[in-house]
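# Descriptive structure summary
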Amino acid sequence: MSAVQERSSLSSSHRARTGGTTSTRRRTTHGDADAITAEDAEGTTHIPSATIGTLLLGPGTRITHQAMSVLGETGACVAWVGERGVRYYAGGRALSRSAALLEAQATQWANVRSRIAVARAMYRLWFPDEDPAGLTRHELLGREGTRVRNCYRAQAARTGLPWNGRHYTPGDFTSGDPVNQAITAAAQCMYGVAHAVVASLGCSSGLGFVHSGHELSFVLDIADLYKTDIGIPLAFDVAAEGEEDIGSRTRRALRDRINETRLLERCVRDIKDLLLPDSPEHASEPAENTDRVTLQSDRGLNVSSGVNYGTEDEAAIW
């Protein structure tokens, strides 16, 4: 039976506020005054709710209404995930209390020029040895296709596995050969990880810069950044070890690799670099933990809310 684990949170400002991300497995989670209690066969563990930034509910976990009420009062994010956060099933409120990243995403997405600029920046993160400046979208797609095909061939040569191309039939996992099954399993896990981070940061999962037209377009964008670096090489490694239970073995291996490489924190940094490229060291981070609502005024200015601006004299409190 696993004990409650304290793990690093998604950003430096979150770490300062909460002290960590807490995960539970095969436990019943209750709310008790200002604390969360996690019960299993080994006893009861009390976790002060103010120390929780994100509560990851793993396989076998049950949570009560009172626990969710306590977490909601303290502003914690709750997510239902697979082992060690590899799969993302559902989540509550975002970890961030600021809409800065969401507004930046919408602004970048709404303008044709800035949208392709973000797409080029994504390509630069994916393949840092290439310069995508000036490339059209079609050219970016062509470059991406070539690089991914070359990655498949290189991994096949490294592991000695035969490679006859990427084959996947939606809804039929077993239709591909073992290495294709491993690639599919790894891709699904990467989508789950990216989805968990995007949701925790309060970004829109549907406003993508490369993918489009799907509710998870931005999630697919982010997951693809780590395809040739982590997902594909690991899939070939797992397939080279044998054909038995390849889906489960791939998910477990990727779970461990994600933790070893601190991929969650890397995702957070990359998303902020993409959406807030002109913010040195993400100067907006301190505001993430502040409940601050403003009103939009003229010339791009925001003014304080809770004030009546209809009086001729000095603005009065509403």
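First, a word on scope: everything that follows refers to the structure included in this document. (Residues numbered from 1 in each chain as written. Predicted model: local features only at pLDDT ≥ 70, side-chain atom pairs only at ≥ 80, totals over all residues. Heavy atoms only, no water.)

## With respect to the nonpolar core
Condition: We call a set of buried residues a nonpolar core when its members are Ala, Val, Leu, Ile, Met, Phe, Trp, Tyr or Cys and they connect through side-chain atoms within 4.5 Å of each other. With a 1.4 Å probe rolled over the protein chains alone, any residue whose accessible area is under 20% of its type maximum counts as buried; one over 50% counts as exposed, and the rest are partly exposed. In this text, helices come from DSSP runs of H or I with a minimum length of four residues, and strands from runs of E with a minimum of two, each type numbered from the N-terminal end.
Formed by 51 residues in total, the largest nonpolar core has its most connected members in Phe218, Ile222 and Ile271. At the level of secondary structure, the elements contributing two or more residues to this core comprise α3 (100–110), α4 (112–126), α5 (137–159), α6 (178–201), α7 (217–224), α8 (227–241), α9 (246–261) and α10 (263–275). Sorting elements by how many residues they give to this core places α6 first, with 11 residues. Membership of the second largest hydrophobic core comes to 10 residues, among which are Ile36, Leu57, Leu71 and Ala76.

## Remarks on the environment of Gln296
We apply this condition: Throughout, a residue-residue contact means that at least one pair of heavy atoms, one from each residue, lies within 4.5 Å.
Along the chain, Gln296 turns up in strand β10 (residues 294–296). Other than its neighbours up to four places away in sequence, Gln296 contacts Leu301 and Asn302.

## A word on the packing of aromatic side chains
Note the cut-off: Pairing of aromatic rings covers Phe, Tyr and Trp, the last counted by its six-membered ring, and requires centre-to-centre distances within 6.5 Å; plane angles under 30 degrees mean stacked, over 60 mean edge-to-face, and any other angle means tilted. Only Lys NZ and Arg CZ are tested; either one counts as a charge over a ring when it is within 6 Å of the ring centre and within 35 degrees of the ring normal.
With the rule as written, the count across this model stands at five aromatic pairs. Between Trp163 and Phe236, the ring centres sit 5.6 Å apart and the planes meet at 50 degrees, which makes this aromatic pair tilted. Of this pair, Trp163 sits in the loop between α5 and α6 while Phe236 sits in helix α8; the two residues are 73 residues apart in sequence, bridging distant segments of the chain. Taken as a pair, Trp163 and Phe236 share a single burial class, namely buried. Clustering of aromatic rings is evident, with ring pairs tying together Tyr123, Trp126 and Phe127. Against the face of Trp109 rests Arg115, its NZ or CZ located 4.3 Å from the ring centre.

## Quick notes on the pattern of salt bridges
Let me state the cut-off plainly: For this analysis, a salt bridge means a side-chain nitrogen from Lys or Arg found within 4 Å of a carboxyl oxygen belonging to Asp or Glu.
Per the stated rule, a full pass over the model turns up 12 salt bridges. For Arg252, the salt bridge goes to Asp245, with nearest N and O atoms at 3.9 Å. The exposure class of Arg252 is partly exposed, given its relative accessible area of 39%. The salt bridge involving Arg262 is made with Glu265; its shortest N-O contact spans 2.9 Å.

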